Amino acid sequence: METLALIETLDRDGQPRQILRVSQWPVRIGRAIACDLVLDDPHVAAHHATLELRDDGVHVVPAATLNGVRLGRAAIAPGSTPLLPAAALLTLGGTSLRVRLAGEVLAPEQRLLDLHQYERRHVTTLLLLIAFAALWKGFDLWLTAMPGQPGSVLAWSYLAAPAGLVVWCAAWAIGSMLFQRRFAFWAHLHVALRWLMAGVVAEAVTAQLAFAFSMPWLDKLGRIAFVVAIALMIWRHMGLLLPQRRRAFGIAIASALAVGGGLLLADRSMQQQPLVGDLYLGTISLPAMRMARPVPVDAFVKSAAPLEKTLSHWTKAGDDGADADDSDDEDDGG
Amino acid sequence: MIKARNAGHGARGSSPRRFRSNNAHKAAGYDGSMPLNRLLRRPGRLLALLLAGSALAAWAGATAPGTPRTAAPASPLARPPAAASAAEPGDEHDDSANLSASARRIYDVGRPRLLQVRTLLRDQDSQASVGSGSLVGPDGLILTNYHVVSQMALEPQRYRLNFQTVDGVAGALQLIAFDVVHDLALVRMAQPPAAVASRGTFEFRPQATPLAQGERIFSLGNPLDIGFEVIEGTYNGLVERSFLPQILFSGALNPGMSGGPVLDDRGRIVGVNVATRRDGQNISFLVPAEFAQALIARSAHAKPITGPVEAEMARQLLVHQQQLTTRFIGLPWRETKHAHYSVPVPQEDFMRCWGSSNPSESKGLSFERSDCQMDTAIFINESLRTGDIAVRHEVYDGSRLGALRFAQEAGMSFRNERMGRRTHDLTAPKCQEDFVENAGLTMRSVMCLRAYRHLPGLYDVAVLSQSVDAKTEGVQGRFDARGVSFQNALLLASHYLQGFAWKRSP
């Protein structure tokens, strides 16, 4: 017998709970066992609605009921018998039905987000990333620790960062559990490590380059790169949860970055602070790293002459400034 | 500079620009009295101006009626706080007990011409701060400290001045003139009461007959707003190595006595109470009378100041900074003993240098520090001192660290320097940075300037410089000058950076 339509009764998650193959019209829907599709829902009438074939297609004909029928999001007005669109969603009482008609145009096949496969494909890069991060953190610790500092202190400090990362990735993995039915810890770890390392390395490299060529703006660029890397990381995390919403997430994160960044810039500009980064380049590197030629004292001091103009402009800016005095807890954020 | 993490010198290593918060004074029970100075823990740094301030309000609840005083208390703040005597163990008590016969005579002479100068809120009778003053000229001309009247001078829309004599005569005061550099001011009674004319005025001791060290002198004033006092002490000459001359007086001055006269044994003014050291006992400072005489000669007949005072203040400060800059640049840098580096360390003609180093058993970066500052800074307002110079440096030996870790440590120390933020008085700093070479030494140098928002033509300059020529040793220096002209800021920066050099033959 030819299948004219498919009526799926959906559960709360939108998954089919019961499927009816329709081989002849009309189809009566209700709680009574005389109906073609019997719904076990106290909010559904004995005979709740009928799907009828007319000349122009299948129509919904609601019966006289308390709760009525919704087509998509709109309630069907009493007396109207609308035409069923393709892949229509009907709500009868508290039950959702999806009606698919023969001959409907199907959306193209979508690529599967198989987290298993994702993790298998990235296992090598993940291992490399973990090794790189461990080395990086170790180097950083060696660089900043003083000789003779107790090992236990160093160990705590060394473990704090990975512990934080594990918590971060576990939280995202719980998100994956919710939307993708899989605790995709390794996939999230891969995303987190990749972008975190990208940000950290970009920041470190630009700081060194800024010193080498005496270009403080490179350091500022590195600060921006770090923020962008973190934003990308969050975007990728979100993409793992709901791949079909990646575009929307991208727009949301970009807007958040633009708004937050704009507010920050406005605030720093009002406080007469540099818009990005520190007041001056704080990096000191190896003597061999220095590529820029030093200038004589006189030339350096002369190069500060234009500051007078800026400062004179600043003295006139905003006399509202009953700001706090120089405080001990000064913090030049990045 | 290196932070506490290395050797616990954090409190000193930080910028000399910062002032201690008011909480510190509150704890000490001196709220309105301001430390002229900046760094804690240093022997010889804590100056307090002798202005009794609003902290008294907090004590006013615990009053002890019946404490003898002559002035009629008009507001609750003027009532004698019992807590005050507990907070100041013994000093004034002992002195009053030992009043000598000459002190009694001096007080009797000075009493009619002695006053309390009170800063009141414009629209009510609450006092914001109190100091002392003396009648020095006709028509009720009164000599006091600039810092006693600074609130009214800077914000006449919020404050007004009032006087009260020992016998309770009171009235309004007008600002006539000030010498912000020496912390002096002249005020005049708006309507001098008839009684005042007959009181006469204080005379000044002729400069031709200077005091000898050890001579007895007598300070008059109204400490802590609890009553007029005469304090007997000793003249000890001028404070050593002070750019601005100040008399060292061994006597127990207290907040509220600011601006009061100090008399010789014939009742002639030799100085004006101005400040005391908070870390010492009976170490007090007086403005020499010659500056008061000069101010009176210059301005006794001036009209009351009604407009803004900032332009005149800036003019005086510009004169001062020119003298300071010229004198500072005229002095050669001192020889430093380091094997490889010549570092600019100032002569101690008007600065004091303190040195420190981290313990030799330290396994990390070892360093030696030198920290030179001037003892005098000029009071502008509660949150602004200016007109001084500070020079610091640290010499690092990172041979136990290796090149990479040394660079990291040097960078940490370079980065954590404070340059200040935008405040009510100053703009935010704006910096210029580059690699700079002088006499064979290559440095990473940063020069930051801030402009005074209300004092045109004045700037703070900070120069930070870190040597970048050696793998495991280096020197980091910082120079600060406050309240200098832009040209002098550049001149001083240049002078400072030229003090660095690489010594070719170790």
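Here we summarise the structure given alongside this text. Once a new chain begins, its residue numbering starts again from 1 and follows that chain's sequence as written. Going through the entries in the order they are written, you letter the chains from A and number the ligands from 1. The predicted nature of this model means local features are confined to residues of pLDDT at least 70 and side-chain atom pairs, given and counted, to a pLDDT of 80 or more, with totals for whole chains, interfaces and linings taken over all residues.

**Description of the pairing of strand β4 (residues 127–137) of chain B**
Residue and element names in this part refer to chain B.
Here is step 1: The buried fraction of β4 amounts to 10 of the 11 residues, a majority that puts the element mostly inside the structure.
Here is step 2: At least two DSSP bridges between two strands are required for those strands to pair. Each helix is a run of DSSP H or I of at least 4 residues and each strand a run of E of at least 2, with the numbering of both proceeding from the N terminus. Bridge count for strand β3 (residues 114–121) against β4 is 7 bridges, and the pairing is antiparallel. Across the sheet, the residue bridging to Val 117 is Gly 131, located in β4.
Here is step 3: Remark: 5 residues form the turn of the hairpin made by β3 and β4, two consecutive strands paired antiparallel.
Here is step 4: Across 3 bridges, β4 lies against strand β5 (residues 141–144) in antiparallel orientation. Looking at the pairing, Ser 134 lines up with Leu 143 of β5.
Here is step 5: Linking two consecutive strands that pair antiparallel, namely β4 and β5, is a turn of 3 residues; a positive phi of about 60° is found at Asp 139 within it. Three classes are used. A residue is buried when 20 or more other C-beta atoms lie within 10 Å of its own, exposed when 12 or fewer do, and partly exposed in between, with C-beta atoms placed from the backbone.

**Considering the sheet that holds strand β17 (residues 352–357) of chain B**
Here is step 1: Read across the open sheet, the 8 strands follow the order β11(A)-β22(B)-β23(B)-β24(B)-β25(B)-β21(B)-β18(B)-β17(B); overall the sheet is mixed. With partners counted over all chains shown, the strands left at the sheet margins are β11 (295–296) of chain A together with β17 of chain B, one partner each.
Here is step 2: Here strand β18 (residues 366–373) of chain B runs beside strand β21 (residues 389–397) of chain B; their pairing, made up of 8 bridges, is antiparallel. Residue B:Phe367 lies in a different strand from β21(B), and its bridge partner there is B:Tyr396.
Here is step 3: Each of β21, β24 (459–467) and β25 (473–484) of chain B touches helix α12 (residues 403–415) of chain B; the most contacted strand, β25(B), lies at about 5° to it. By definition, residues are in contact whenever their C-beta atoms, placed on the basis of the backbone, come within 7 Å of each other. The angle between two axes is taken between their N-to-C directions and runs from 0 to 180 degrees, where each axis is a line fitted to C-alpha atoms and a helix contributes only its stretch in contact.

**A short note on the packing of helix α3 (residues 151–180) of chain A against helix α4 (residues 185–212) of chain A**
Residues and elements named next belong to chain A.
Here is step 1: Relative to each other, α3 and α4 sit at 125°, their axes nearing to 8 Å. Here α3 lies oblique to α4, going by the angle between them. The two elements α3 and α4 meet at a crossing, and its hand is right-handed. Note on element contacts: α4 touches α3 through Phe 185, His 188, Leu 189 and Ala 192, opposite Leu 165, Trp 168, Cys 169, Ala 170, Trp 172 and Ala 173. Just so you know how the angles are binned, under 35 degrees is roughly parallel, over 145 roughly antiparallel, 65 to 115 roughly perpendicular, and the rest oblique. Note on convention: the crossing is left-handed when the near helix lies turned anticlockwise from the far helix by less than a right angle, right-handed when the turn is clockwise.

**Points about helix α5 (residues 216–241) of chain A**
Here is step 1: When the terminal C-alpha atoms of α5(A) are compared, their 39 Å separation across 26 residues agrees well with the 38 Å that a helix rising 1.5 Å per residue should span.
Here is step 2: Along α5(A), the residues that are buried comprise A:Pro216, A:Asp219, A:Gly222, A:Phe226, A:Met233, A:His237, A:Met238, A:Leu240 and A:Leu241.
Here is step 3: Considering only its buried residues, α5(A) is in contact with α3, α4 and α6 (246–270) of chain A together with β22 (430–438) of chain B. One fewer than the residue count of a helix, multiplied by 1.5 Å, yields its expected span.

**What about the packing of helix α11 (residues 310–330) of chain B against helix α13 (residues 486–497) of chain B?**
All names here are of chain B.
Here is step 1: In contact at an axis separation of 11 Å, α11 and α13 are set at 15° when each is read in the N-to-C sense. It follows from the interaxial angle that α11 and α13 lie roughly parallel. Viewed along their axes, α11 and α13 form a crossing whose handedness is left-handed. Within the contact between the two elements, α11 uses Gln 321, Thr 325 and Ile 329 and α13 uses Asn 488, Leu 491, Leu 492 and His 495.

**Description of the sheet that holds strand β5 (residues 49–54) of chain A**
Backbone hydrogen bonds hold the strands of a sheet together, and the pairing may be parallel or antiparallel.
Residue and element names in this part refer to chain A.
Here is step 1: Taking strand neighbours across the sheet as the criterion, the 4 strands line up as β4-β3-β5-β6 in an open arrangement whose pairing is mixed. Bordering the open sheet on either side are β4 (37–38) and β6 (57–62), each of which pairs with just one other strand.
Here is step 2: In this sheet, β5 lies alongside strand β3 (residues 27–30) in antiparallel orientation, the contact comprising 3 bridges. Across the sheet, Ile 29 pairs through a bridge with Ala 49, a residue of β5.

Read these as spatial facts, not as claims about activity.
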